[in-house]
Amino acid sequence: MLSFSQVICVLAFVANIKVSFGFYLPGVAPHNFADGDTVDLKVNKLSSVHTQLPYDYYSLNYCKPPEGVTSYSENLGEFLSGDRIENSPYKIYMNREVFCKVLCAVTLNKKETDKFAHAIKSVYHNNWIIDNLPAASIIDSDEEIMTQYVGFPVGYQGPKSTNYIYNHVNIILLTHEDIDPEYNRIVGFYVEPMSIKHTSKDSCDNMNKHLEYSAIKEHQSLRTQILFSYGVEWRKSDVQWASRWDVYLSMNKAVSDKVHWFAIVNSLLIVLFLSFVVGVILYKTVQNDVMSYNRVKTSEEKAEEREESGWKLVHADVFRPPAEYPMLYAACMGTGVQINVCIVLFICCAAIGFLSPANRGSILIGMLCFFVLSSFLAGFVSARLFKSFNGVGWQRCTMLTALGYSGLCFTIFFVLDVIIWGYGSTGAIPLLSMFTLLLLWFLISVPLVFFGAYKGYQQDAIEYPVVTSNIPRQIPPQPWFLHPVMTAMLGGVLPFGACFVELFFIMSSVWMDQYYYVFGFLLVVVIILGKCMHITIHPFFVHVHLIIAYILSNDIELYYVHVSYRSYYMCSNVNRIVICATGE
């Protein structure tokens, strides 16, 4: 019979054993390589920040594997992002140096030459993958050496708009020894592209060191005959396997965390300012009324029935249902709750680390799953709100909630997909993935909306603290500066100022093919924005267009976000075009 202390010791030992066994998310488990093991180099889409149209890697006449091009299995998130991962003809073996090896010779016709020229002019990048690591690039030029973390370009334009192609690559792989010294893990992947005019297929035979930019005598222009070659270099690194993605996510610490802390402090100051403004408005509004009610009435005042004035005149109209389109309003409110819950759950899981860019496609899949599973709340909220409006036709309200916003998004998505398909881009979603999206919508999302609506209609109608009058009060004429649009513009610009810094990094991820990873900072900003919502109280006290003011105050903020997105994309393209044209 074990004593109590012995039982505790046994339980502690078992707990330590269980804790010692970690787990890895699917697709991000480490891979150990022994000396001489084959290291697969996979090629992904060709991408450009100027056209936003990805293309298949072999849409250009690159060297193909002798056994044929094979596509790797991909998840729904990878298809939605336009990824097309395929095999390559490059032969790489662990810790086996290759100074220069000819890959193949390619003969280009007029059409293929024009494709390469368009790719160079549009600054298309090759995206390679080794052991789930994307390729970073080291670009050598006469002026500087530049490191990029979004692939490497197809070529470049020299003087007189002459197109040069990168036909040689130095593949630099960083390794870190595992616990077992016989095995290594890949912790870094760089590609150093070069343009070199090979004199013959034997030009690589006599090389006893890696090709350097300073040794290139003549660059390879875009002509009919092109010889492709490559080299492989192995380097030891102190970077742990768990930290190998840090250089990609932080762009080698190009942006300090102080920028994000500045954004948070800026947002906090704005929230304090908004709280002060709303507090002053509330104080000034109710101060006189409270003093009047607390004051002892005189005999004359008791004899006269005092008439209500000020904000108390509209207390019977605050909870009045919208006179026009109450069903649409209820459906929009339910969809808004669904989107907000989806955003909060997604950011929380991403901040914890369950949704990481290292697991390719997981972010888009997570967003889809959270949106679909939140459909229950959309049906529940819209049903309870529509019931409190004494609405008729709950089936139509539920159908509008289930098909309205999702149908609008799918229609826009389908039209854009058809246009992208017409360009032959890999951004077009395959039919099987499109069918999967429809199954998620009609077999999961729509039934959850109806189930939520069923539960919502079973609940009692919302009881309001005041009784709504049968006759709406006439709205007096308002001065121009108290128009709902004017007050909404003021109410929207302040919350937008609380998030504009984080918007910069999100837009860099959307438009510039960069990784967004600071979900912890984003979660704090979202919490601060939730606090900013009380600015919508302000229009309630300056005029009585209650529902209009509430909706416009939030819509104007989205309009500011839309304008900033367009401005960022246009300015980024102009700056990149100027840089590419001047060579700076």
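All figures in this text were calculated on a predicted structure; none of them were measured in a lab.

Thresholds, definitions, all that
- The residue numbers shown here count from 1 along each chain, following its written sequence.
- Confidence filtering applies because this is a predicted model: local features only for residues at pLDDT of at least 70, side-chain atom pairs given and counted only at 80 or more, and all residues used for totals across whole chains, interfaces and linings.
- As a rule here, side-chain values cover all heavy atoms of the structure and leave hydrogens and water aside.
- Note on conventions: DSSP H or I runs of at least 4 residues are helices, E runs of at least 2 residues are strands, and numbering of each starts at the N terminus.
- Only protein chains enter the accessibility calculation, which uses a 1.4 Å probe. A residue is then buried if its area is under 20% of the maximum for its type, exposed if over 50%, and partly exposed in between.
- Contacts between residues were defined by any pair of non-hydrogen atoms, one from each residue, lying within 4.5 Å.
- Every accessible area reported is derived by Shrake-Rupley at a probe size of 1.4 Å, with residue values counting cover from the shown protein chains alone.
- When two rings of Phe, Tyr or Trp (its six-membered ring) have centres within 6.5 Å they constitute a pair, described as stacked for plane angles under 30 degrees, edge-to-face for angles over 60, and tilted for the intermediate range.
- By disulfide we mean two sulfur atoms from cysteines, separated by a distance within 2.5 Å.
- What a helix should span is 1.5 Å times the count of its residues minus one.
- By construction, the arc corresponds to the directions joining the helix axis to the C-beta atoms.
- N or O atoms within 3.5 Å of each other form a polar contact, as long as, within protein, one can give a hydrogen and the other can take it, and as long as residues adjacent in sequence are counted only when both atoms are side-chain atoms.
- The set of buried Ala, Val, Leu, Ile, Met, Phe, Trp, Tyr and Cys residues whose side-chain atoms join them within 4.5 Å is what this entry labels a nonpolar core.
- Using a 1 Å grid laid over the protein atoms alone, points where a 1.4 Å probe fits but cannot get out form a cavity; open sets with protein on both sides within 12 Å along at least 5 of 7 lines form a pocket; any residue with an atom within 4 Å of a point counts as lining.
- Grid points are joined across faces, edges and corners, and a volume is the space filled by probe spheres set on the points.
- Gly counts as polar in this scheme, as do all residues outside two lists: the nonpolar Ala, Val, Leu, Ile, Met, Phe, Trp, Tyr, Cys and Pro, and the charged Asp, Glu, Lys and Arg.
- Helix axes are fitted only over the stretch in contact, all axes being lines through C-alpha atoms; the angle between N-to-C directions runs from 0 to 180 degrees.
- Handedness of each helix crossing follows the sense of rotation of the near helix against the far helix: counterclockwise by less than a right angle gives left-handed, clockwise gives right-handed.
- Note that His is not counted, nor are the chain ends; the positive residues are Lys and Arg, and the negative ones are Asp and Glu.
- Salt bridge, as applied in this entry: a Lys or Arg side-chain nitrogen positioned within 4 Å of an Asp or Glu carboxyl oxygen.

(A) Inspection of the overall build of the protein chain at higher detail. Regarding its fold elements, the protein chain presents 15 helices and 13 strands. The buried share of the protein chain, reckoned over its 584 residues, is 42%. For the protein chain, the proportion of contacts with a sequence separation of at least 24, taken over those separated by at least 6, is 79%. Looking at the protein chain as shown, the accessible area adds up to about 33,000 Å², and 65% of this sits on carbon and sulfur atoms.

(B) Main features of the environment of isoleucine 196. Structurally, isoleucine 196 can be placed in the loop between strand S12 (183-194) and strand S13 (225-236). Exposure remark for isoleucine 196: the relative accessible area of 10% places this residue in the buried category. Taking C-alpha positions, isoleucine 196 is 9.8 Å from isoleucine 226, a pair spaced 30 residues apart along the chain. Ignoring any residue separated from it by four or fewer positions in sequence, one finds isoleucine 196 in contact with Asn167, His168, Leu211, Ile216, Glu218, His219 and Gln220.

(C) Examining the packing of aromatic side chains more closely. For the coordinates displayed, the defined rule picks out 19 aromatic pairs. Ring geometry for tyrosine 156 versus tyrosine 164: centroids 5.3 Å apart, planes at 15 degrees, classification stacked. Its relative accessible area of 24% is what places tyrosine 156 among the partly exposed residues. A relative accessible area of 18% means that tyrosine 164 is categorised as buried.

(D) Expanded view of the state of the cysteines. Across all of its chains, the model carries one disulfide by this definition. Sulfur-sulfur distance for the disulfide between cysteine 63 and cysteine 104 comes to 1.7 Å. Between cysteine 63 and cysteine 104 the disulfide shows an S-S torsion of about -80 degrees. By sign, it is left-handed. Placement of cysteine 63 in the loop between strand S2 (41-47) and helix H2 (76-80) and of cysteine 104 in strand S3 (residues 98-107) is noted, with a sequence separation of 41 residues between them.

(E) Summary view of helix H3 (residues 110-121). Between the first and last C-alpha of H3 there are 16 Å, a value that for twelve residues agrees with the 16 Å anticipated at 1.5 Å per step. Those residues of H3 that fall on the buried side of the exposure criterion are Thr113, Phe116, Ala117, Ala119 and Ile120. Looking down the long axis of H3, one finds its buried residues gathered within 160 degrees of arc, a one-sided arrangement. Summarising the geometry of H3, the exposed residues directed more than 90 degrees from the buried face are Lys110, Lys111 and Lys121. Two or three places before lysine 111, at the opening of H3, asparagine 109 has a side-chain oxygen 3.3 Å from that residue's backbone nitrogen.

(F) Spatial organisation of the nonpolar core. Leu41, Ile92, Trp128, Ile130, Val154, Ile171 and Phe189 are the most contacted members of the largest nonpolar core, which has 54 residues in total. Beyond its immediate stretch of four places on either side in the chain, isoleucine 171 contacts Leu41, Tyr90, Ile92, Trp128, Ile130, Phe189, Tyr190, Tyr230, Gly231, Val232 and Glu233. Listed in part, the ten residues of the second largest apolar core include Ala383, Phe386, Phe389 and Cys397.

(G) A look at helix H10 (residues 394-422). With 29 residues, H10 ought to run about 42 Å at 1.5 Å a step, and its terminal C-alpha atoms sit 41 Å apart, in line with that. All of the buried residues in H10 are Cys397, Thr398, Thr401, Ala402, Ser406, Gly407, Phe410 and Asp417. Elements in contact with the buried residues of H10: helix H7 (326-352), helix H8 (362-373), helix H9 (375-388) and helix H11 (431-458). After H10 finishes, the residue glycine 424 shows a positive phi value of roughly 75 degrees.

(H) Structural view of empty space enclosed by the protein. Considering all chains together, one arrives at two cavities of 30 Å³ or more under this definition. Size it by volume and the largest cavity reaches roughly 100 Å³. Counting residues per element, the ones that place at least two in the lining of the largest cavity are strand S4 (125-130), strand S11 (168-177) and S13. A breakdown of the residues in the lining of the largest cavity according to their chemical character gives eleven nonpolar, four polar and no charged. For the second largest cavity, the calculated volume is near 30 Å³. Lining the second largest cavity are Gln338, Phe371, Ser375, Ala378, Thr401, Ala402, Ser406, Ser445 and Val449. Secondary-structure elements contributing two or more residues to the lining of the second largest cavity are H9, H10 and H11. Ranked by residue count, the leading element in the lining of the second largest cavity is H10, at three residues.

(I) Representation of the packing of H9 against H11 in the model. Relative to each other, H9 and H11 sit at 35 degrees, their axes nearing to 6 Å. In this structure, the crossing between H9 and H11 has a hand that is right-handed. In this structure, H9 contributes Ser375, Phe376, Gly379, Phe380, Ala383, Arg384, Phe386 and Lys387 to the contact, and H11 contributes Ser445, Leu448, Val449, Phe451, Gly452, Ala453, Lys455, Gly456 and Tyr457. When grouped by side-chain class, the residues that make up the contact of H9 with H11 number nine nonpolar, five polar and three charged.

(J) Summary view of the side chain of aspartate 56. Within the element layout of this structure, aspartate 56 appears in the loop between S2 and H2. One buried charge, aspartate 56, has no salt-bridge partner; the nearest side chain with opposite charge is arginine 84, at 6.3 Å. For aspartate 56, the side chain forms a polar contact with the main-chain nitrogen of tyrosine 58, separated by 2.9 Å. Leaving out residues up to four positions away in the same chain, aspartate 56 has contacts with Leu46, Arg84, Glu86 and Thr426.

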